[in-house]
Amino acid sequence: QVQLVESGGGLVQAGGSLRLSCAASGRTFSQYAMGWFRQTPGKEREFVAASGWSGITTVLDSVKARFSISRDNAQNTVYLQMNSLKPEDTGVYYCAAASKNIRLRFPGGYDYWGQGTEVTVSS
C-alpha cells in the first residue's frame, strides 16, 4: 500500500553532514507518522528520530544536538539532517511509516519500511 524509498546516504568524513530523504507514496502522507531507524551488524535496530501526526518530533538523546527531522507534505518526503557526523553514526538508515497512533521510538508499531540507505563515517 505504501512504498518508502530512502536516498542520500554515502561516505563522509567525521564532522561532515548528510541529508537523508525518504519519499513516500500510496496514501495521504500528512496522516502518517514517520520514523528513522539505523542498524549495524550485530546490533538491534535503533531508533533515531520520528515525526508524529501533530507535528511533534522526537530524537534520540545521543544525537539530538546534531540530527533533526523534517517533512515536506507537498513532496511526500521526510528528511533526516545529520550534522557533525561521528564514526559511531555509521550504519544502514531506514525510514518507516505508521498510520496508527504508536509509540514512535519502537519499531514494532510501524506498518511500512524502506529498503535502507547506507551511511559510512570515516575517522
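Description of the structure in this document. (Residues numbered from 1 in each chain as written. Predicted model: local features only at pLDDT ≥ 70, side-chain atom pairs only at ≥ 80, totals over all residues. Heavy atoms only, no water.)

Quick notes on the pattern of salt bridges
Across all of its chains, the model carries four salt bridges by this definition. Two residues, Asp89 and Arg38, come together in a salt bridge whose shortest N-O distance is 3.0 Å. Taken as a pair, Asp89 in the loop between strand E8 (77-82) and strand E9 (91-98) and Arg38 in strand E4 (residues 33-39) lie far apart in primary sequence, 51 residues in all. Looking at Asp89, the relative accessible area reads 1%, which means it is buried. (Salt bridge = Lys/Arg side-chain N within 4 Å of Asp/Glu carboxyl O. Helix = DSSP H or I, 4+ residues; strand = E, 2+ residues; numbered from the N terminus. Buried < 20%, exposed > 50% of the residue type's maximum accessible area, 1.4 Å probe, protein only.)

Points about the state of the cysteines
In the structure shown here, the tally under the stated rule is one disulfide. Covalently, Cys22 is tied to Cys95 through a disulfide, its sulfur atoms 2.0 Å apart. Handedness here is read from the sign of the S-S torsion; for Cys22 and Cys95, about 55 degrees, the answer is right-handed. Of this pair, Cys22 sits in strand E3 (residues 18-25) while Cys95 sits in strand E9; the two residues are 73 residues apart in sequence, bridging distant segments of the chain. On the basis of relative accessibility, which here comes to 0%, the residue Cys22 falls in the buried class. Its relative accessible area of 0% is what places Cys95 among the buried residues. (Disulfide = S-S within 2.5 Å.)

Some words on the side chain of Asp89
Among the polar contacts made by the side chain of Asp89, one reaches the side chain of Arg66 at a distance of 2.8 Å. Apart from residues lying up to four places away in sequence, Asp89 is in contact with Arg38, Val63, Arg66, Phe67, Val119 and Val121. (Polar contact = N/O pair within 3.5 Å; in protein donor to acceptor, adjacent residues only side chain to side chain. Contact = heavy atoms within 4.5 Å.)

Some words on the nonpolar core
Judged by nonpolar contacts, the single largest core of 37 residues is most densely connected at Leu4, Trp36, Phe67, Leu80, Met82 and Tyr93. The set of elements that each furnish at least two residues to this core consists of E3, E4, strand E5 (46-51), strand E7 (67-72), E8, E9 and strand E11 (117-122). It is E9 that provides the largest number of residues to this core, a total of five residues. The contact partners of Phe67, leaving out residues within four places of it in the chain, are Arg38, Val48, Val59, Leu80, Gln81, Met82, Asn83, Leu85, Asp89 and Tyr93. (Core = buried A, V, L, I, M, F, W, Y, C linked by side-chain atoms within 4.5 Å.)

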